[in-house]
Amino acid sequence: QVQLVESGGGLVQAGGSLRLSCAASGLTFSRYNMGWFRQAPGKEREFVAAIRWIGGSTYYADSMKGRFTISRDNAQNTVYLQMNSLKLEDTAVYYCAADWRDDTWPPVAAQCDYWGQGTQVTVSS
């Protein structure tokens, strides 16, 4: 049974930092492209960042470039999202996702194979 378990969310002041983790089990983690998505209340789920299974290349949504960093540790079956300079508009539930496909980059939410349950990030003023 595949499981993706996010952790590291919480309440942080604007300008602060958080590091999210997503621990995977039940799948060949090193073979999956991994992504982070987020969903704010009343909004659609949006792409945040992704990292390829081979080569480790990364991709970021424009509003996250320079502030967020995605990384992975295949030995630990874990993907991370380091979030710096957080803004009020970063408040959302953050989800990690695993995508087996290589034909679309970055991953799109509709084609991801597995999802975590999400972790809440709240940025306060």
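Quick caveat: nothing in here was measured; it's all calculated off a predicted structure.

Peer 1: Requested: an account of the overall build of the protein chain, with residues and values cited.
Peer 2: Counting its regular elements, the protein chain contains zero helices and eleven strands. Along the protein chain, helices (α) and strands (β) appear in the sequence β-β-β-β-β-β-β-β-β-β-β when read from the amino end. Computed over the C-alpha atoms, the radius of gyration of the protein chain is 13 Å, within 12% of the 14 Å expected from 2.2 N^0.38 for a compact globule of 125 residues. With the C-alpha coordinates of the protein chain rotated into their principal frame, the extents come out at 40 × 25 × 25 Å. Counting only residues that meet the buried cut, the protein chain has 44% of its 125 residues in that class.

Peer 1: So, the side chain of Gln111: which residues are in play, and what are the values?
Peer 2: Positionally, Gln111 belongs in the loop between strand E9 (92-99) and strand E10 (114-115). Within the structure, Gln111 has its side chain in polar contact with the side chain of Asp99 (distance 3.0 Å).

Peer 1: Any chance you could break down the packing of aromatic side chains for me, citing the residues and the numbers?
Peer 2: Counting across every chain of the model gives six aromatic pairs. Each ring, one from Phe37 and one from Phe47, has its centre 5.7 Å from the other, and the planes form 75°; the classification is edge-to-face. Residue Phe37 is located in strand E4 (residues 33-39), and its partner Phe47 is located in strand E5 (residues 46-51); the two are separated by ten residues in the primary sequence. Phe37 sits in the buried class, given a relative accessible area of 2%. Between Tyr95 and Trp115 the ring centres are 6.4 Å apart and the planes differ by 80°, which places this aromatic pair in the edge-to-face class. In this pair, Tyr95 sits in strand E9 while Trp115 sits in strand E10, placing the two residues 20 residues apart along the sequence. Among the residues examined, Trp115 registers a relative accessible area of 27% and is labelled partly exposed. Seen from the ring of Tyr95, Arg45 lies directly overhead, with NZ or CZ sitting 3.9 Å from the centre. A cation over a ring is seen here: Arg45 above Trp115, with NZ or CZ 4.6 Å from the ring centre.

Peer 1: Can you lay out the sheet that holds strand E7 (residues 68-73) for me, pointing to particular residues and giving the numbers?
Peer 2: Pairing in this open sheet of four strands is antiparallel, and the strands run E1-E3-E8-E7 from one edge to the other. Edge positions in the sheet fall to strand E1 (3-7) and E7, since each of these pairs with one other strand and no more. Strand-to-strand twist across the sheet, computed as the mean angle between neighbouring axes with direction ignored, equals 15°. In the sheet, E7 pairs with strand E8 (residues 78-83) via six bridges, with the strands oriented antiparallel.

Peer 1: Just give me the short version of unusual backbone geometry, but keep the residues and values in it.
Peer 2: For the bond running from Trp105 to Pro106, omega is 0°, close enough to zero to count as cis. For Pro106, the position within the fold is in the loop between E9 and E10. Backbone geometry places Asn77, a non-glycine residue, at a positive phi of 50°. Turning to its location among the elements, Asn77 is positioned in the loop between E7 and E8. What makes Asn77 partly exposed here is its relative accessible area of 25%. Unusually for a residue other than glycine, Ser85 sits at a positive phi of about 50°. Note that Ser85 resides in the loop between E8 and E9.

Basis of the calculations
Residues numbered from 1 in each chain as written. Predicted model: local features only at pLDDT ≥ 70, side-chain atom pairs only at ≥ 80, totals over all residues. Heavy atoms only, no water. Helix = DSSP H or I, 4+ residues; strand = E, 2+ residues; numbered from the N terminus. Rg over C-alpha atoms; globule rule 2.2 N^0.38 Å. Buried < 20%, exposed > 50% of the residue type's maximum accessible area, 1.4 Å probe, protein only. Polar contact = N/O pair within 3.5 Å; in protein donor to acceptor, adjacent residues only side chain to side chain. Phe/Tyr/Trp six-rings, centres within 6.5 Å; stacked < 30°, edge-to-face > 60°. Lys NZ or Arg CZ within 6 Å of the ring centre and 35° of its normal. Pairing = 2+ DSSP bridges. Axes fitted to C-alpha atoms, helices over the stretch in contact; angles between N-to-C directions.

Such coordinate-based values are descriptive only and should not be taken to indicate function.
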